[in-house]
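# Summary of structural features
What follows is each chain in one-letter form.
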Amino acid sequence: SWFALGLGIGPVSGVTSKGTVGFDINLLYQQHDGNHALIVPIGVGYRVALTKDTTAKSVPYAGITADYYIINFKSNPENINGTYGAGGGSVLLGVNFGNTANVEARYQFASETRGFDFSGLNLTAGYRF
């Protein structure tokens, strides 16, 4: 498991049946046995509601993102320690609950960095106040 932090500005509502473009940034961190990885995908995302009634209490949505990954990692066995850039993106499915909460499943694709593949599935829940 990884520590993850996302940045959300404004209410979680706003996904429409015509689609919404927005800023996308996350922070993922893991450390073990003196090794660590900090991954910061920054980019733009497109989300579209999977229902015509976007005023409902629960609004399911799907989306994609295009991201630039800033990756700082240290791997002692491979003698790697530095900060690198990578291209990538993600596909996602989620549900907004009113204006304050959501759950989301996202698969992030990142290009290989120094022989490591940092792609993977993220399951998140959020609450904004």
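One structure accompanies this document, and this report is about it. None of these values were measured; they are calculated from a predicted model. (Residues numbered from 1 in each chain as written. Predicted model: local features only at pLDDT ≥ 70, side-chain atom pairs only at ≥ 80, totals over all residues. Heavy atoms only, no water.)

## Side note on the nonpolar core
A general tendency of soluble globular proteins is for nonpolar side chains to be buried together. Of all hydrophobic cores here, the largest spans 10 residues; its members are Leu28, Ala37, Ile39, Tyr69, Ile71, Phe73, Ile80, Ala86, Ala110 and Phe118. Within the residue set of this core, elements represented by two or more residues are strand E3 (35-49), strand E4 (58-75) and strand E5 (80-97). With three residues, E4 is the largest single contributor of residues to this core. The residues touching Ala37, leaving out its near neighbours within four places in the chain, are Trp2, Leu28, Tyr29, Gln30, Asn72, Phe73 and Phe118. (Core = buried A, V, L, I, M, F, W, Y, C linked by side-chain atoms within 4.5 Å. Buried < 20%, exposed > 50% of the residue type's maximum accessible area, 1.4 Å probe, protein only. Helix = DSSP H or I, 4+ residues; strand = E, 2+ residues; numbered from the N terminus. Contact = heavy atoms within 4.5 Å.)

## Considering the pairing of E4
Note that E3 and E4 share 14 bridges and pair antiparallel. Bridge pairing links His36 to Lys74 in E4. Across 18 bridges, the pairing between E4 and E5 is antiparallel. Along E5, the bridge assignment pairs Phe73 with Gly82. What sits between E4 and E5 in their antiparallel hairpin is a turn of four residues, with Asn79 showing a positive phi close to 55°. (Pairing = 2+ DSSP bridges.)

## Quick word on a nonpolar patch on the surface
A cluster of nonpolar side chains, contributed by Val21, Val44, Tyr46, Ile64, Val91, Tyr107, Phe109, Leu121 and Leu123, occupies part of the molecular surface with about 870 Å² of accessible area. Those elements giving two or more residues to the nonpolar patch turn out to be E3, strand E6 (101-110) and strand E7 (120-127). Secondary-structure assignment places Ile64 in strand E4. (Patch = residues over 30% accessible without salt bridge, like charges linked within 9 Å, V, L, I, M, F, W, Y side chains within 5 Å. Areas by Shrake-Rupley, 256 points an atom, 1.4 Å probe, with all protein chains shown as cover. Salt bridge = Lys/Arg side-chain N within 4 Å of Asp/Glu carboxyl O.)

## Structural notes on the side chain of Ser90
Along the chain, Ser90 falls in strand E5. Side-chain polar atoms of Ser90 contact the side chain of Arg106, separated by 3.4 Å. Excluding its chain neighbours within four sequence positions, the residues that come into contact with Ser90 are Gly63, Ile64, Thr65, Asp67, Arg106, Tyr107, Gln108 and Phe109. (Polar contact = N/O pair within 3.5 Å; in protein donor to acceptor, adjacent residues only side chain to side chain.)

## Regarding the pattern of salt bridges
The full count for this structure, using the stated rule, is four salt bridges. For Arg47, the salt bridge goes to Asp24, with nearest N and O atoms at 3.7 Å. A residue pair is termed long-range when its members are at least 10 positions apart, and Arg47 in strand E3 and Asp24 in strand E2 (residues 20-32) qualify at 23 residues. Summarising the burial analysis for this pair, Arg47 and Asp24 share the class buried.

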